[in-house]
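Close look at the chain arrangement
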Amino acid sequence: MTELTRAKGQAMTRLDRTDTRTQPAHDTAPRPASGVSPASSVSPASPAESAPRATPTLALTSAATAVALMTYTAPMVTLPDTAAALHTSVSAQAWLLNGTPLGLAALLLVAGSLADDYGRRRIFLAGTVALGVTTALGALAGSTWLFTLARVAQGAASAAILASSLGLIVHAFPTPRGRLRATGVWGAFVSGGIAAGPLLAGAMAGWNWRMVYAVLGAAVLVVALLGTRALTESRAPRGGRPDLAGALTFGLALVSLVAALTLGRDGWLRAPVGLLLAASLVLMTVFVAVERRSRTPMIDLGLLRHRRFLASSAGGLFTGLAVIGLFSFLPALLQRTLGLSAMDTAWLILLWSGLSFTVALQARRLAGRVSHRHQLALGFALHAAGVLAMLGAIGAGSWLRLLPGFVLSGVGSGLLNAALPLLAVESVPATRAAMGSGAQQTFRYIGSCAGVALTIALVTATGGPAHGANIAIVVSAGLAVLAATSVLVLRDRT
């Protein structure tokens, strides 16, 4: 009996050691805001979840994220050709750019919550398949509204990919050091997708703008096929049913808001804009009531009291408003005013986004020296300096004068793309990493929709495109300065 007892004890010891290798220690994680569970408190895994393949997980989630961003940015340099082929008026061109961010903004938080509850691998694979199909359908669209609907569907599919990706990464990289490296790589591929989309579109512009979407659709379907074998499932250990009522009301509220922001550039006092804003307000009120009553809310409203979560959300919002809003319309503006080809503007955008990719990839070296909050503030400050350096370049007809600004803003964008994903997952419990990612990116693409609509409105206002571009640049810089100030104010309480 003594030998049997000793054998059992040894077996339990070996089992405990195995669990220690597969589950992170609670005391090694960076401490989040007060009242939030430690970021490394990953839920106990089932046998199928106990050994995620870290490198394939990072490779596939990064590749899918890059393709999702490529589908988002491809119209930047093909906008004139696409608008001409679809007979899209200038006032409606905002829809060609805002279709994808509308779908993203509406479903990112929903997708993140569902990924935590239903399974991150499941939502990721569903998103990749849906993105492949909807991107291919976009290549077949024959009218502005059909193309816009395809773009909205692409955004919804991309939301499933972006929100679940960070949840899969957190599960595959449970230690703070591994998570720092992995989120840095993922953030770099966000920049890489932004860089590659216009370049691919510009390279294929001589054939047909529709070919871009056919190629991207095929690429993401390949990623989906590889993901079925390489990814392991993970989910949050929450009881109860997923918050479908919250998902529905929140999604409809954001669709109403983003539609109002896009239509508002043609007049804020029009009846459709007012009705959409009112509907958004009512639906958001219903959403808050639903979340307070739900046993498993889509988002813990208590997080709104924590400054790290607020800094993550504010960083995402102002990135969309100040950075993405301006650079989404800038390529089309350069083609229209400076006579640049699609490929020429793609190379200019590559300078900006390529630097962003490189900086985001190397930003992990700042860990321990510069806090995420200061990294965000520095990124916004560099963007402000960069766009102000571009003042007058379009009026002077000189693309060379844009280069210093592209460099400064590119470095700033890289710092933002590196800090935002890590701050998003560290501002919430690790079991809700996909929800944290979805929340931050929801604000990012709400800001993007508003930023694109604002930029187009300013550029197309009276005074000519050169004058309007200067006003848009000053507004972008002012928003970036406001963003830097906001994230500095939202410091963690000690």
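Here the structure is shown first, and the text comes after it.
Cut-off values and rules
Residues numbered from 1 in each chain as written. Predicted model: local features only at pLDDT ≥ 70, side-chain atom pairs only at ≥ 80, totals over all residues. Heavy atoms only, no water. Helix = DSSP H or I, 4+ residues; strand = E, 2+ residues; numbered from the N terminus. Buried < 20%, exposed > 50% of the residue type's maximum accessible area, 1.4 Å probe, protein only. Salt bridge = Lys/Arg side-chain N within 4 Å of Asp/Glu carboxyl O. Axes fitted to C-alpha atoms, helices over the stretch in contact; angles between N-to-C directions. Contact = heavy atoms within 4.5 Å. Nonpolar A, V, L, I, M, F, W, Y, C, P; charged D, E, K, R; others polar. Parallel < 35°, antiparallel > 145°, perpendicular 65-115°, else oblique. Phe/Tyr/Trp six-rings, centres within 6.5 Å; stacked < 30°, edge-to-face > 60°. 1 Å grid on protein atoms, 1.4 Å probe; cavity = no way out; pocket = protein on both sides within 12 Å on 5 of 7 lines; lining within 4 Å. Points joined across faces, edges and corners; volume = space filled by probe spheres on them. Expected span 1.5 Å × (residues − 1). Bend = angle between axes of the 7 residues up to and from the residue.

**What to know about unusual backbone geometry**
We note that histidine 87 has phi near 60°; this positive angle belongs to a residue other than glycine. Its place among the elements puts histidine 87 in the loop between α3 (75–86) and α4 (93–118). What makes histidine 87 exposed here is its relative accessible area of 73%.

**Here's the deal with the pattern of salt bridges**
Two side chains of opposite charge can pair, provided their charged atoms sit close to one another. One pass over the full model with this rule turns up 1 salt bridge. Of the charged contacts in the structure, one is a salt bridge between arginine 120 and aspartate 116, with a shortest N-O distance of 2.9 Å. Like arginine 120, the residue aspartate 116 is buried in the burial classification.

**What to know about the packing of helix α2 (residues 54–73) against α3**
Where α2 contacts α3, the axes come no closer than 7 Å and their chain directions differ by 35°. Across from Thr71, Tyr72 and Thr73 in α2, the residues of α3 making contact are Pro75, Met76 and Val77. A class-by-class count of the residues in the contact of α2 with α3 yields 4 nonpolar, 2 polar and no charged.

**Thoughts on the packing of α3 against helix α8 (residues 209–230)**
For any two helices packed against each other, the geometry comes down to the angle between their axes and how far apart the axes lie. With their axes 9 Å apart at the nearest point, α3 and α8 run at an angle of 125° to one another. Between α3 and α8, the interaxial angle falls into the category oblique. Only Trp209, Arg210 and Tyr213 of α8 make contact with α3, whose side of the interface consists of Pro75, Thr78, Asp81, Thr82, Ala85 and Leu86. Partitioning the contact of α3 with α8 into residue classes produces 5 nonpolar, 2 polar and 2 charged.

**Concerning the packing of aromatic side chains**
This model, assessed by the stated rule, comprises 6 aromatic pairs. Ring geometry for phenylalanine 189 and phenylalanine 357: centres 5.9 Å apart, planes at 80°, overall edge-to-face. With phenylalanine 189 in helix α7 (residues 176–203) and phenylalanine 357 in helix α12 (residues 342–362), the pair connects residues that are 168 residues apart, well separated along the chain. Using a relative accessible area of 31% as the deciding quantity, one classes phenylalanine 189 as partly exposed. Of the residues examined, phenylalanine 357 reaches a relative accessible area of 26% and is grouped as partly exposed.

**A word on the layout of surface pockets**
Each pocket or cavity is described by its volume, and for the second largest pocket that value is around 290 Å³. Every residue lining the second largest pocket is counted, 16 residues in all, and those nearest its centre are Leu109, Phe250, Met284, Phe287 and Phe443. Contributing elements (two or more residues each) for the lining of the second largest pocket: α9 (244–263), α10 (271–293), α11 (307–338) and α16 (433–459). When residues in the lining of the second largest pocket are grouped by element, the largest group, 4 residues, is from α16. Its residues assigned to classes, the lining of the second largest pocket comprises 15 nonpolar, 1 polar and no charged.

**Examining α4**
A rise of 1.5 Å per residue sets the reference length of α4, with its 26 residues, at 38 Å; its end C-alpha atoms lie 37 Å apart and thus fit the reference within 8%. Of all the bends in α4, the greatest, near 45°, is centred on leucine 107. Among the 26 residues of α4, 24 are classified as buried, and the element is accordingly described as predominantly covered. Of the residues one or two after α4, glycine 119 is the one with positive phi, at around 130°.

**With respect to empty space enclosed by the protein**
Empty space among the atoms can be located by rolling a probe the size of a water molecule over them. Counting across every chain of the model gives 7 cavities of 30 Å³ or more. For the largest cavity, the lining is made up of 15 residues, of which Trp186, Val190, Gln440, Gln441 and Arg444 are closest to its centre. Secondary-structure elements contributing two or more residues to the lining of the largest cavity are α6 (144–172), α7, α15 (403–426) and α16. For the lining of the largest cavity, the leading source of residues is α16, giving 5 residues. For the lining of the largest cavity, the class distribution of residues is 9 nonpolar, 5 polar and 1 charged. Approximately 90 Å³ is the volume found for the second largest cavity. Along the walls of the second largest cavity sit Leu180, Gly184, Ala363, Arg364, Leu366, Ala367, Val370, His372, Gln375, Ala418, Ala419 and Leu422, which together make up its complete lining. Sorting the residues of the lining of the second largest cavity by element identifies α7, α13 (372–388) and α15 as the ones contributing at least two each. Broken down by element, the residue count for the lining of the second largest cavity peaks at 3 residues, all from α15.

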